[in-house]
Amino acid sequence: MIDIESSSSTTVDQEQLKLAFDAFNAASEQLSGVYQDLQLQVERLTYELALANGELHRQLSAKEALSQKLTLLLNALPGGVIALNANERVEQVNPAASLMLGDPLVNLSWQKITDERLLPTAIANEWNVEWQSGGNNAMKQRRIRIESSPADSAGRRILLIHDITEAYAMQEQIRRNQRLTSMGEMAANLAHQLRTPLSTALLYASHLGNDALMPGERQKFATKTIERLKHLEHLTGDMLRFVKGETAQFKPVEISALLTELQQVIEPQIKRSGMFFNIHDHSQGVNLMTDRKALCGAFINLLENAVQVSAVGDEITLSCDLKNNDVVFRVHDNGTGIDNMHQEHLFEPFFTTRTEGTGLGLAIVRAVVQSMGGSIEVNSTPQLGSEFIIRLPRTIKGGGIAGDERDAGGYSNG
């Protein structure tokens with residue numbers, strides 16, 4: 001007899017097993033599909049990674065090539081290059097910098113290098129460097145100019161060093177040639193200027209040998225002879241000051257003390273002439289890098305000119321103001337002024353409208369101002385007065401007397 005319940009149970013188990021196999025097969029097919037998708041993704045990512053690695057390799061090769069080119073360029077540059085870190089210590093240098101400043105440089109403080117190896121000059125950012133030559137131990141000197149880039153966000157900066165020895169020597173030679181040319185022109189003009197007072201002095205001196213002269217007349221001729229000789233001495237002295245104008249010694253000078261000194265020197269003379277002298281000092285205690293004696297002489301020259309063209313009761317003013325990095329001096333008078341024709345010849349040597357003038361006074365003033373890296377100009381209206389304006393840098397930016405040393409004319413020019 002067949003067990004119906006057992007047969008039915010076996011049928012259910014087979015169906016469940018079939019369903020389980022079907023589910024397994026479906027899961028296997030699904031896993032196979034996912035595996036194939038993953039395999040495709042892996043292949044794609046591998047390809048992309050290979051492309052990325054190739055691009056990175058290409059970029060790295062390009063950067064290495066650029067680095068090599070920059071290194072070659074730095075090594076070939078005639079100018080020195082120094083890289084400073086945020087602590088102002090040398091990180092990197094090129095061979096030109098080592099030749100100019102000497103080794104070692106890397107890891108040294110830049111301040112230590114400047115203190116031990118560089119000699120400051122009168123011109124900002126320019127230095128002299130001394131070192132011993134190899135064979136005979138003789139000291140050699142080069143002149144360099146150092147420029148700095150702005151600091152980056154990390155505080156690092158680059159210094160560029162230029163060897164300007166030959167350029168500086170050429171500039172000095174040009175200045176000497178200009179001065180020789182100017183001196184040649186001046187010598188010709190001076191011979192003409194000396195002729196008249198010398199002839200007059202000789203004429204007066206010849207009368208002194210006349211036995212028939214009365215004592216009063218003899219004294220008169222002697223006085224006139226001495227006057228002419230003093231005029232010759234004054235002319236010669238002005239010429240020498242003009243020629244030697246570039247021998248300035250720059251030192252810090254307190255502007256207020258300078259103005260006080262000028263007041264003590266010139267005010268008595270102005271008062272004796274029946275005029276008034278005013279000083280407006282707005283220097284705020286600032287010091288000026290200058291040649292005190294030469295600058296005082298220039299101001300006295302301008303102030304004496306102002307006295308000679310002013311009348312009794314007029315005012316003469318010397319003022320000082322600060323404008324950015326400059327100190328501005330003004331010498332103002334209410335005198336006769338300068339007409340346009342004469343203004344065109346201001347600061348030309350030997351040009352003067354005064355009989356007793358040498359024509360070198362304002363030339364000396366201009367030479368002194370230019371030797372200090374400054375400038376001078378004049379504003380003048382006939383019958384209303386004149387104002388001479390001198391602008392000087394607080395620190396010297398240039399040395400020597402640049403340009404054509406020319407002097408005054410239609411003013412007193414004395």
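Each remark here, short or long, concerns the structure printed above.
Here's what I pulled together on the structure shown here. (Residues numbered from 1 in each chain as written. Predicted model: local features only at pLDDT ≥ 70, side-chain atom pairs only at ≥ 80, totals over all residues. Heavy atoms only, no water.)

Considerations on the sheet that holds strand 8 (residues 276-281)
Right, so step 1: In spatial order, the strands read 8-10-11-13-12; together these five strands make up an open sheet with mixed pairing. At either end of the open sheet lies a strand with only one pairing partner, and these are strand 8 and strand 12 (375-381). When strand polarity is set aside, the average angle formed by the axes of neighbouring strands in this sheet is 15°.
Right, so step 2: Of the strand pairs in this sheet, strand 11 (residues 326-333) and strand 13 (residues 385-393) are connected by eight bridges, and their pairing is antiparallel. Residue pairing in the sheet places Val328 in a bridge with Arg391 of strand 13.
Right, so step 3: Against the sheet, helix 6 (residues 255-272) contacts strand 8, strand 10 (315-323) and strand 11, and its axis sits at roughly 175° relative to strand 8. (Pairing = 2+ DSSP bridges. Helix = DSSP H or I, 4+ residues; strand = E, 2+ residues; numbered from the N terminus. Axes fitted to C-alpha atoms, helices over the stretch in contact; angles between N-to-C directions. Contact = heavy atoms within 4.5 Å.)

Regarding the pairing of strand 2 (residues 90-93)
Right, so step 1: As defined by bridge partners, strand 1 (residues 80-84) adjoins strand 2 across three bridges and the pair is classed as antiparallel. What sits directly across from Ile82, in strand 2, is Val93.
Right, so step 2: Counted between consecutive antiparallel strands, the loop separating strand 1 from strand 2 contains five residues, among which Glu88 sits at a positive phi close to 60°.

Observations regarding unusual backbone geometry
Right, so step 1: Notably, Gln284 is not glycine yet its phi reads approximately 55°, a positive angle.
Right, so step 2: By the element assignment, Gln284 lies in the loop between strand 8 and strand 9 (287-290).
Right, so step 3: One non-glycine residue, Asn324, adopts positive backbone phi at about 55°.
Right, so step 4: Tracing the sequence through the fold places Asn324 in the loop between strand 10 and strand 11.
Right, so step 5: Given a relative accessible area of 73%, Asn324 falls into the exposed group. (Buried < 20%, exposed > 50% of the residue type's maximum accessible area, 1.4 Å probe, protein only.)

Some remarks on the packing of helix 7 (residues 292-309) against helix 9 (residues 361-371)
Right, so step 1: Where helix 7 meets helix 9, the axes come as close as 9 Å, and the angle between the chain directions of the two elements is 145°. At the point where helix 7 passes helix 9, the crossing takes the left-handed sense. Here Ala294, Leu295, Ala298, Asn301, Leu302 and Asn305 of helix 7 lie close against helix 9, whose contacting residues are Gly361, Leu362, Val365 and Val368.
Right, so step 2: Its residues placed into classes, the contact of helix 7 with helix 9 shows seven nonpolar, three polar and no charged. (Left-handed = near helix turned anticlockwise from the far one by under 90°. Nonpolar A, V, L, I, M, F, W, Y, C, P; charged D, E, K, R; others polar.)

Considering the pattern of salt bridges
Right, so step 1: In the structure shown here, the tally under the stated rule is 13 salt bridges.
Right, so step 2: A salt bridge links Lys112 to Glu116; its shortest N-O distance comes to 2.7 Å. Separated by four residues within a single helix, Lys112 and Glu116 lie in helix 3 (residues 110-117), roughly one turn from each other.
Right, so step 3: Using a relative accessible area of 53% as the deciding quantity, one classes Glu116 as exposed.
Right, so step 4: A salt bridge links Glu172 to Arg175; the shortest N-O distance between them is 2.4 Å. Remark: Arg175 and Glu172 occur in helix 4 (residues 165-208); sequence separation between them is three residues, near one turn of the helix.
Right, so step 5: For Glu172, a relative accessible area of 24% gives the class partly exposed.
Right, so step 6: For Arg175, a relative accessible area of 18% gives the class buried.
Right, so step 7: Members of the salt-bridge network, linked through shared partners, are Glu126, Arg143, Arg145 and Glu147. (Salt bridge = Lys/Arg side-chain N within 4 Å of Asp/Glu carboxyl O.)

A word on the nonpolar core
Right, so step 1: One finds Ile255, Phe299, Ile316, Phe329, Ile390 and Leu392 to be the most contacted residues of the largest nonpolar core, which totals 37 residues.
Right, so step 2: Elements with a contribution of two residues or more to this core: helix 6, helix 7, strand 10, strand 11, helix 9, strand 12 and strand 13.
Right, so step 3: Among the elements that take part in this core, helix 7 stands out by supplying eight residues, more than any other.
Right, so step 4: In this structure Ile255 touches Ser283, Val286, Leu288, Cys320, Val327 and Phe329, once residues within four positions along its chain are discounted.
Right, so step 5: Judged by nonpolar contacts, the second largest core, of 15 residues, contains Leu84, Val90, Leu105 and Leu159. (Core = buried A, V, L, I, M, F, W, Y, C linked by side-chain atoms within 4.5 Å.)

Examining the packing of helix 6 against helix 7
Right, so step 1: Closest axis-to-axis distance for the helix 6/helix 7 pair is 10 Å, and the angle between their directions is 35°. Helix 7 is crossed by helix 6, and the crossing has right-handed handedness. Contact residues: helix 6 offers Ala257, Leu258, Glu261, Leu262, Val265, Ile266, Gln269 and Ile270, while helix 7 offers Arg292, Leu295, Cys296, Phe299, Ile300, Leu303, Glu304 and Val307.

As for the packing of aromatic side chains
Right, so step 1: Under the definition given, this model contains one aromatic pair.
Right, so step 2: Looking at Arg143, its charged tip hangs above the ring of Tyr168, at a distance of 3.8 Å from the centre. (Phe/Tyr/Trp six-rings, centres within 6.5 Å; stacked < 30°, edge-to-face > 60°. Lys NZ or Arg CZ within 6 Å of the ring centre and 35° of its normal.)

Regarding the pairing of strand 13
Right, so step 1: Counted residue by residue, strand 13 has eight buried out of nine residues, so it is predominantly covered.
Right, so step 2: One ladder, built from seven bridges, connects strand 12 with strand 13; its direction is antiparallel. Paired with Thr381 across the two strands is Gly385, which belongs to strand 13.
Right, so step 3: A loop of three residues connects strand 12 with strand 13, the two strands running antiparallel in sequence, and Gln383 in this loop sits at a positive phi of about 70°.

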